[in-house]
Every structure is written in C-alpha cells, then in structure tokens.
Amino acid sequence: MNPPTRNLHHQIVDIIGERIISGTHKPGSSLHPDRMEQELGVSKTVLREALRVLASKGLIESRQKRGTFVRPRSDWNLLDSDLLRWQGTGAVDDDFLTNLGEVRSIVEPAAARLAARRRDDVDLAALTEALRLMTEAGSDTHASVEADLAFHRALLGAAHNELLTRMEVVIEAGLRVRDHLVHSADGWADPVPAHRAVMDAVRDRDPEAAERAVQHLLDQATADVDGLKDPHDPNRGDSR
C-alpha cells in the first residue's frame, strides 16, 4: 500500500490538473502556492512536488519575479495519460471528443488492416475474450466500458507495431469518455455485432473487410454520441 503522503500527492496533482484543463485556472493566470497550501490543506513539500509534476507535463512554469503561472495550451503535453484523463472528467468538451474521434478514424482502420495480416492465436484469444465480456455485460455500464476497452486494446496489439500499440492511451481516453456517455443513456445500440464483424475479418485475415468493419464501428460511435446532443447544436454530427 502506498503511504498516505504519496496518495495525497497524487490527489493534489489531479485537483490542480483538472482545474487547469477545465479552465478554472486559465492559461496565463498566476497560481499562488501559499494560498493553495491553505485551501488544499497540504504542506509546502506536497504542493511543491505536485507543481513539479504539473510542470513536467507542460501545464505550468515558474519564473523569478513572475512566479508560477499556467502555460499556453499549445505547450501542454496533450498526449500525456493524465491530461487525457482530466479532459474526460466533468463537463465533456465537444472539441475533445471530436479530436479523439478524428485520431481514432486515422489509427484504428489502419490498425485493423495490420491486425488482419499479422494476428496470431494469442491475439484472437484476446479479441474473443473481450467480445465474450462485452456480450455478458448487458446493461452494466462499467462492464460494457471495460469490455470495449479490452477489445480495442487487443485490436491494437494484434497489429504487432510497437509504436501503434502506444496509441492505446489516446484511444482508451476517447473510448472511456464516449462509452460512459453513451452507455449511461437510454437506447444505445448493441455494440456486439459491430465488434464481432471486426473480429471475424481479423480472424479471416481479410484486411479490407477489417478496415470496413472498424469504419462502420466508428460511424456507429459517431451516431451514438450525436444522439446525446441537442438537435439544434451547430456541432452536431462533428464527433466520432
């Protein structure tokens, strides 16, 4: 078990990081460590270490005379797993979903083509198990989300490309946010048939069919998220 101080350190990193991502602390704004220590009820050591971590992610910077301030969004390490997770908390930004959807539409069809060519028995077993969990999840939101994540993780792994596999952190962030939104609502489409089509194409070593199946799955994801939007929203139809 981690010592309490370490747990507290992570909590403070999360609190401040989420505030920056959400715009509570806007780019260019100053952070006042003395005030934050009192507000958060932590020691100088804990806060200093938390700020050091946030600085390593490109979120903040400290300079003589100016003090500690939030850096421009263009400086943030947006592919950092914590930043991706923080962007999915609280009120979900449509731009965030759109950006992640676009990344998925670039990465996953290509990964499916490679998976159909390179998959092995271990990969098929992982895809089969994820599909089984998805089938058994039913209306259980948490189980559905975890099964979906497991399937897409297995699909990226089946491509046997080390760098492509590292895109898991981006895909997972988008899926987790999207899945919680969709599976928490009424009337969402059964995800099993679309995912089974992907697995069947990968099993049959059919790259074109695998790519088409993933694209269909992504189109369904777009429709599911769109169904949650206000019909008068000008951005409707722009998320994946």
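Everything below is about the structure printed above this text.
All of the points below concern the structure found in this document. (Residues numbered from 1 in each chain as written. Predicted model: local features only at pLDDT ≥ 70, side-chain atom pairs only at ≥ 80, totals over all residues. Heavy atoms only, no water.)

Section: the sheet that holds strand S1 (residues 30-31)
Thinking step 1. Across the sheet, which stays open at both edges, the 3 strands sit in the order S1-S3-S2 with antiparallel pairing between neighbours. Strands at the two margins of the open sheet, each flanked by one partner only, are S1 and strand S2 (60-63).
Thinking step 2. When S2 meets strand S3 (residues 67-70), the two strands line up antiparallel, connected through 4 bridges. Its bridge partner being in S3, Ile60 is matched across the sheet by Val70. (Pairing = 2+ DSSP bridges. Helix = DSSP H or I, 4+ residues; strand = E, 2+ residues; numbered from the N terminus.)

Comments concerning helix H3 (residues 44-56)
Residues that lie three or four places apart on an α-helix share one face, since the helix turns once every 3.6 residues.
Thinking step 1. With 13 residues, H3 extends 18 Å from end C-alpha to end C-alpha; this agrees with the ideal 18 Å at 1.5 Å per step.
Thinking step 2. Listed as buried for H3 are Val46, Leu47, Ala50, Leu51, Val53 and Leu54. For H3, the buried positions fall inside an angular range of 155° around the axis, keeping them on one side. In H3, the exposed positions that point more than 90 degrees away from the buried face belong to Thr45, Arg48 and Ser56.
Thinking step 3. Phi turns positive, to about 80°, at Gly58, one or two residues after H3. (Expected span 1.5 Å × (residues − 1). Buried < 20%, exposed > 50% of the residue type's maximum accessible area, 1.4 Å probe, protein only. Arc of directions from axis to C-beta.)

Some words on the packing of aromatic side chains
Thinking step 1. Within this structure, the stated rule accounts for 0 aromatic pairs.
Thinking step 2. Sitting over the face of the ring of Phe69, Arg66 holds its NZ or CZ atom 3.6 Å from the ring centroid. (Phe/Tyr/Trp six-rings, centres within 6.5 Å; stacked < 30°, edge-to-face > 60°. Lys NZ or Arg CZ within 6 Å of the ring centre and 35° of its normal.)

Here we look at the environment of Leu79
Thinking step 1. The topology assignment puts Leu79 in the loop between S3 and helix H4 (81-87).
Thinking step 2. Remark: the alpha-carbon pair of Leu79 and Val169, spanning 90 residues in sequence, is separated by 7.8 Å.
Thinking step 3. In this structure, Leu79 is in contact with Leu84, Val169 and Val170, ignoring residues within four places of it in sequence. (Contact = heavy atoms within 4.5 Å.)

Examining the pattern of salt bridges
Thinking step 1. Counted by the stated rule, this structure contains 20 salt bridges.
Thinking step 2. Among the salt bridges present, the one from Glu37 reaches Lys44, with a minimum N-O distance of 3.5 Å.
Thinking step 3. Among the residues examined, Glu37 registers a relative accessible area of 15% and is labelled buried.
Thinking step 4. Notably, a salt bridge pairs Arg113 with Glu211, separated by 2.7 Å at the nearest N-O pair. You can see Arg113 sitting in helix H5 (residues 94-118) and its partner Glu211 sitting in helix H11 (residues 207-226), a full 98 residues away along the chain.
Thinking step 5. A relative accessible area of 30% places Glu211 in the partly exposed class. (Salt bridge = Lys/Arg side-chain N within 4 Å of Asp/Glu carboxyl O.)

Geometric descriptors of this kind do not, in isolation, establish any biological role.
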